[in-house]
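Chains, contacts and geometry: an overview
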Amino acid sequence: MVSVYIPVQNSEEEVRVVLDQLPRDASDILDILKAEQAPLDLWFIIAKEYFKQGKIEQFRQILEEGSSPEIDDYYADVRYERIAILNALGAYYSYLGKIETKQREKEEHFILATQYYNKASRIDVHEPSTWIGKGQLLLAKGEVDQAFAAFKIVLDGDRENVSALLGQACVHFNRARYSDSLELYKKALQAYPDCPGAVRLGIGLCHYKMGQLEKARLAFQRVLQLDPENVEALVALGIMDLQTNEAAGIRRGMERMQRAFEIYPYCAMSLNYLANHFFFTGQHFLVEQLTETALSVTNHGPTKSHSYYNLARSYHSKGDYETAGMYYMASVKESNKPHDFVLPYYGLGQVQLKLGDFRTALSNFEKVLEVFPENCETLKALGHIYVQLGQTEKALELLRKAAKVDPRDAQAFLELGELLITSDPGAALDSLRTARSLLKKIGEEVPIELLNNIGVLQFERGEFELAEQTFKEAVGDGIWLAFVHGRAESSMADSSSHIQQYKDMQLFHRLEEDGAFLELPWYKVTALYNLARLLEQLHNTETACMLYRLILFKYPEYMDAYLRLAAIAKARGDIQSSIELAADALKVNCKCPNALSILGDLELKSDDWVKAKETFRAAREATDGKDSYTTLSLGNWNYFAAVRSEKRAPKLEATHLEKAKELYTKVLVHHSANLYAANGAGVVLAEKGNFDVAKDLFMQVQEAASGSIFLQMPDVWINLAHVYFALGNFALAVKMYQNCLRKFYYNTDSQIVLYLARTHYEAEQWQECKKTLLKAIHLAPSNYALRFDAGVTMQKFSASTLQKTKRTADEVRCTVAELKNAVRIFSQLSAASNLHYYGFDEKKIETHVGYCKHLLEAAKVHCEAAEREEQQNRQRIELARQVALAEEARRKAEEQRKVQLERRKQEDELKQVMQHEENFKRIKEQWKSSGHGSKRKDRSQEEEDGGAHSEKKRRKGGKRRKKDKNSGKSRFETEEAETDMNMMDDHEEEMEYDDTHMNYNDQMIDHKETEHDHVEDTAQDLLAAAGLEDSDADDDMAAPSSTTNRRRRQWSESDDDEQPQREMIQDSDVEARDVSGKPNRDPAADVEEED
């Protein structure tokens, strides 16, 4: 139990006040505080405790009394506590003004808050808490720039003030600078990690505005971890869940909204989202109640706009357009511009359009169109308005745009259909769809003719699924839908036995006996036939056959059903049934050219050539020679007669081919776009050997046929592949065969697979040929000719492999395996009892078996030789590998030896340098210990002995001296090194040098001739460098005191650079002299010149 103690004046006693048991009337506490003149911090503590307990009036009473003039006079010296009380009152009234909905009361609260903050500033203008309070007040009033300046004043004095950081983050957020706001929130969190969860709420909002939804979700979840009852975090997570548009997310989002409502029933955001949810559930009473509550608790413009919009939608859906329009208008006024919230503009336009106010509705819809230029609903509404206003061109433009944006739109195509149905088939189809949708919308029955025409147009465009739906809609409910969905057969045990019996009607009689309703109105027959034709195109031939038979069961004279059944039987190879169906069609109309043509084609396939010819002639006569199909059929008859293998005679063949060419040409004359006639002409040209012309013709036919959905011409692909094969272009032939198989036969036609295998065989691609033949055997296992071809291919592959000059052991083993397979295949064929039935000669098969066995014996020898060669190759490779490894090891050892030698050489060089430095030091000490007179005498003697040589050096070194006039340092260093070496000559014993050293000395003498300094200058400079200046010298050049040390370092560096000179010095320890007794130049001087 927390208590505070108020000291009693002029006494050591204290009044104990239990904070948990504060009196309801704050006057008692105030009397004690005044009477005992309690410190102001106690006033502030008690006031805060009242606020925590929800006793706002007592909180305000104590703080206002604590900031009264009497208290200010009495506690004039107390600054911080007075400022704290005033700032608390300012924050309190700022909060009241922020949540107040009435503008007058809001302004009054803001004025009071401003007065308290100003009073606090008069006490201490630099107090940070006052500036922070002012910034919050300015934010609540919407004065963002001034709020930013207030927070900046605090941050200029304390860059880690958490309250100022949070305030400035809010300013940046209101300015839509979300990245800057996020950085400030992070900085505040780093400065005070234990801050409330609301700080992380700002981080989540910044991430959400920046599109980083996952980070925003994590931030909101962290807020809930710190504060499970944070309403803002619950609402934010609920909104994110609702935006997923998934059932689980929507359910989770509404649960969060409900939780937020339970914690704080006056959160306008949660109230609006709950109202939106109840609108879609149809609970309009809750919608109105929640939105009215939201409007009463918020003064935020966008939030109020959403509330008015929800309320307007509720009245709009109930048909109360006047009230809905009023609330739509209120929502529009609360939103600043259409881009912020455009939905109330659309709703207002709808209401005004319903009320007949076209001009005002046009204005509102155009505002919506500015925000969403491709909104179909707005385009439709504007189009309708322009139609009502008589502006047809604008209406047509808008409706076309709506149709382009959403082809499923019905209303937009209503007027377009009337204009485009005769000129543009695509637009006509769209208009018919629009008409159908419109009729459904107004509740009228769609005519079957309209649906049938829509289905046919969709069928022609290849929209098979849409066409099927349309035809089903046209035929409506009936037994045919049971056939289509396969439910009728499931009720009968033997229904599958009737599928192949094209003329058997027992199935339908049995259905009638079972009570099935088989009524088929006459106006539905065409649509049902088109549905069957569509199913046939989709390769659902069994269901199509059932529908054709149903049509014939109810209408036996419907000829097209007979012909389609005949075509299905022909495709299945049931030629006899197909002939019978064609004959039944001719019983209905004996001169039907279609029935005669299909009958002639069937007779041609059954090798009844005479009857086929008579039938084709009858079909031609039935059309007075005007039907190109019958002429084309006669051309086909002549072609097949020419290429029959059993009766192939050159003269007869040429006659039939010429007649076929004549008929094909006749068709092309009347119908130049007849692809079948062009294909037939190409076939005739190819048979005559005109492959190039035939190829061009086939390619044109192929290109024309590819642009049609209904025209399926696999023959032209096969013919083109045959031409490529005849021309020897096997790669293109293979490609054409493969494309034809995939495009038309789903890779299931064994004959085309055999063509492909033959192409691989001629191209000597034995393995590809074998694979292709195995695929053909899989497709047609009863075709023994394919097995024989596979055996021959294996035999040919083995023979070609054994004939190769170089073979690997693997190739020979593969050859053996292929030969064994070939022997097995031929043996199986030899054992067959019906060889002659398949056209095989037993002796020929035995010959193949014997040849394969002979190859097997030869292959064994080749296999052994190949294995020996392979073993030798492996040994050679292994030997080469070992040699390479040894060479690599030797190379690595050599490299390691070189590294060791280099390391040893560097160590030796280091030792030489150290020895040379020791000798140099010793010589310098000896040289210094000698007298000045002796040095001058020695120098004079040297000059006399080498005068001529020195004069020569002066002449040659003149130019160099001019060049190096400004490089005194280099000259001094060179001369220093030379002097040192001369001193070494004076104090070392004479040593003998070999020829190498003598040669080297000669080189040094030659190089010395190019030196730029004179001997006299050198001697004088040396004396100066050593500190032994000659008073008689005329040279006034002086060297700095540190010259000696620098020259020593330079001499040491020169030794490192010139390896030959160092080696010479190490070997001799003294400077060599030439024949005339003159000292050689110091190597350091040469190095300096080179540098």
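If you're wondering where the values come from, they're calculated on a predicted model, not measured in any experiment. The residue numbers shown here count from 1 along each chain, following its written sequence. In keeping with the model being predicted, local features are shown solely for residues with a pLDDT of at least 70 and side-chain atom pairs are shown and tallied solely at 80 or more, while totals for entire chains, interfaces and linings include all residues. Only heavy atoms go into the side-chain values, all of them from the structure, while hydrogens and water stay out.

**Focus: helix α33 (residues 575-588)**
Relative to the 20 Å expected for 14 residues at 1.5 Å per residue, α33 spans 20 Å between its end C-alpha atoms, a close match to the ideal helical length. Residue burial is assigned from relative accessible area. The probe radius is 1.4 Å, only protein chains are included, and a residue is buried under 20% of its type maximum, exposed over 50%, and partly exposed in between. Each helix is a run of H or I in the DSSP string that is no shorter than four residues. Each strand is a run of E no shorter than two, and both are numbered from the N terminus. Of all the positions in α33, only Ser577, Ser578, Ile579, Leu581, Ala582, Asp584, Ala585 and Leu586 are classed as buried. The contact criterion used is simple: two residues touch if any of their non-hydrogen atoms lie within 4.5 Å. Of the surrounding elements, those touching the buried residues of α33 are α32 (559-571) and α34 (593-605). Multiplying one less than the number of residues by 1.5 Å gives the expected span of a helix.

**Some thoughts on the packing of α32 against α33**
With their axes 8 Å apart at the nearest point, α32 and α33 run at an angle of 165 degrees to one another. Judged by the angle between their axes, α32 and α33 are roughly antiparallel. Where α32 crosses over α33, the handedness of that crossing is left-handed. Each of Met559, Tyr562, Leu563, Leu565, Ala566, Ala569 and Lys570 in α32 lies in contact with α33, whose residues at this interface are Ser577, Ser578, Leu581, Ala582, Asp584, Ala585 and Val588. The residue makeup of the contact of α32 with α33, split by class, is ten nonpolar, two polar and two charged. Note on method: axes are straight lines fitted to C-alpha atoms, helices fitted across the in-contact stretch only, with angles between N-to-C directions ranging 0 to 180 degrees. By the definition adopted for this analysis, an angle is roughly parallel if under 35 degrees, roughly antiparallel if over 145, roughly perpendicular if from 65 to 115, and oblique otherwise. Less than a right angle of anticlockwise turn of the near helix away from the far helix marks a crossing as left-handed, whereas a clockwise turn marks it as right-handed. Any residue outside Ala, Val, Leu, Ile, Met, Phe, Trp, Tyr, Cys, Pro, Asp, Glu, Lys and Arg is labelled polar, Gly included; the first ten of those are nonpolar and the last four are charged.

**Re the pattern of salt bridges**
Salt bridges, as used here, are contacts in which a Lys or Arg side-chain nitrogen is within 4 Å of a carboxyl oxygen on Asp or Glu. Counted according to the given criterion, the structure contains 27 salt bridges. Lys472 is the partner of Glu468 in a salt bridge, and the nearest nitrogen-oxygen pair spans 3.1 Å. Note that Glu468 and Lys472 are positioned in helix α26 (residues 464-475) at a spacing of four residues, about one turn of the helix. A salt bridge links Arg890 to Glu887, with the nearest nitrogen and oxygen atoms 2.5 Å apart. One end of the pair, Arg890, and the other, Glu887, are both in helix α47 (residues 842-929), three residues apart, so they sit about a helical turn from each other. Residue classification places Arg890 among the partly exposed residues on the basis of a relative accessible area of 48%. Take Glu887: its relative accessible area is 42%, and that puts it in the partly exposed class. Each of Arg217, Asp241, Arg252 and Arg256 takes part in one network of salt bridges that share partners.

**Looking at the pairing of strand β2 (residues 14-18)**
Consecutive residues of a regular strand have side chains that alternate between opposite faces of the sheet. Relative to β2, strand β1 (residues 3-7) runs antiparallel, the two being bridged by five bridges. Across the sheet, residue Tyr5 finds its bridge partner in β2, namely Arg16. The antiparallel hairpin formed by β1 and β2 contains six residues in its connecting segment, where Asn10 sits at a positive phi of about 55 degrees. Strand pairing requires that DSSP identify at least two bridges connecting the strands.

**So, the packing of aromatic side chains**
Pairing of aromatic rings covers Phe, Tyr and the six-membered ring of Trp, with a centre-to-centre limit of 6.5 Å; geometry is then stacked below 30 degrees between planes, edge-to-face above 60, and tilted otherwise. All chains considered together, the criterion is met by 23 aromatic pairs. A ring pair is formed by Tyr309 and Phe341, whose centres lie 5.4 Å apart and whose planes are at 80 degrees; its orientation type is edge-to-face. Of this pair, Tyr309 sits in helix α17 (residues 301-317) while Phe341 is found in the loop between α18 (321-334) and α19 (343-354), placing the two residues 32 residues apart along the sequence. Each member of the pair, Tyr309 as well as Phe341, is classed as buried.

**Examining α26**
Between the first and last C-alpha of α26 there are 16 Å, a value that for twelve residues agrees with the 16 Å anticipated at 1.5 Å per step. Along α26, the residues that are buried comprise Phe464, Ala467, Glu468, Thr470, Phe471, Lys472, Ala474 and Val475. Two residues or fewer after α26 comes Gly476, characterised by a positive phi angle close to 70 degrees.

**Topic: the side chain of Thr772**
With respect to the helices and strands, the residue Thr772 is situated in helix α43 (residues 766-779). Not counting the four nearest positions on each side in its chain, Thr772 is found in contact with Val753, Leu756, Ala757 and His760.

**Points about the state of the cysteines**
Note on terminology: pairs of cysteine sulfur atoms within 2.5 Å are recorded as disulfides. Evaluation of the coordinates by the stated rule reveals zero disulfides. With no disulfide partner, Cys592 has as its closest neighbouring cysteine sulfur the one in Cys590, 9.8 Å distant. Looking at Cys592, the relative accessible area reads 8%, which means it is buried.

**Re unusual backbone geometry**
Apart from glycine, the bulk of residues carry a negative phi angle, and the bulk of peptide bonds sit in the trans form. A positive phi angle, close to 70 degrees, is found at Ala176, a residue other than glycine. Within the fold, Ala176 resides in the loop between α9 (162-174) and α10 (178-191). Residue Glu764 is not a glycine yet carries a positive backbone phi of 60 degrees. Secondary-structure assignment places Glu764 in the loop between α42 (750-762) and α43.

**Here's the deal with the confidence of the model for the protein chain**
Every residue carries a pLDDT, the predictor's confidence in it, which falls somewhere between 0 and 100. Across the protein chain, the average pLDDT comes to 77, with 80% of residues at 70 or higher. Predicted confidence is poor over residues 932-1091, with pLDDT under 50, and the contacts of this stretch with residues over four places away or in other chains come to 190 contacts.

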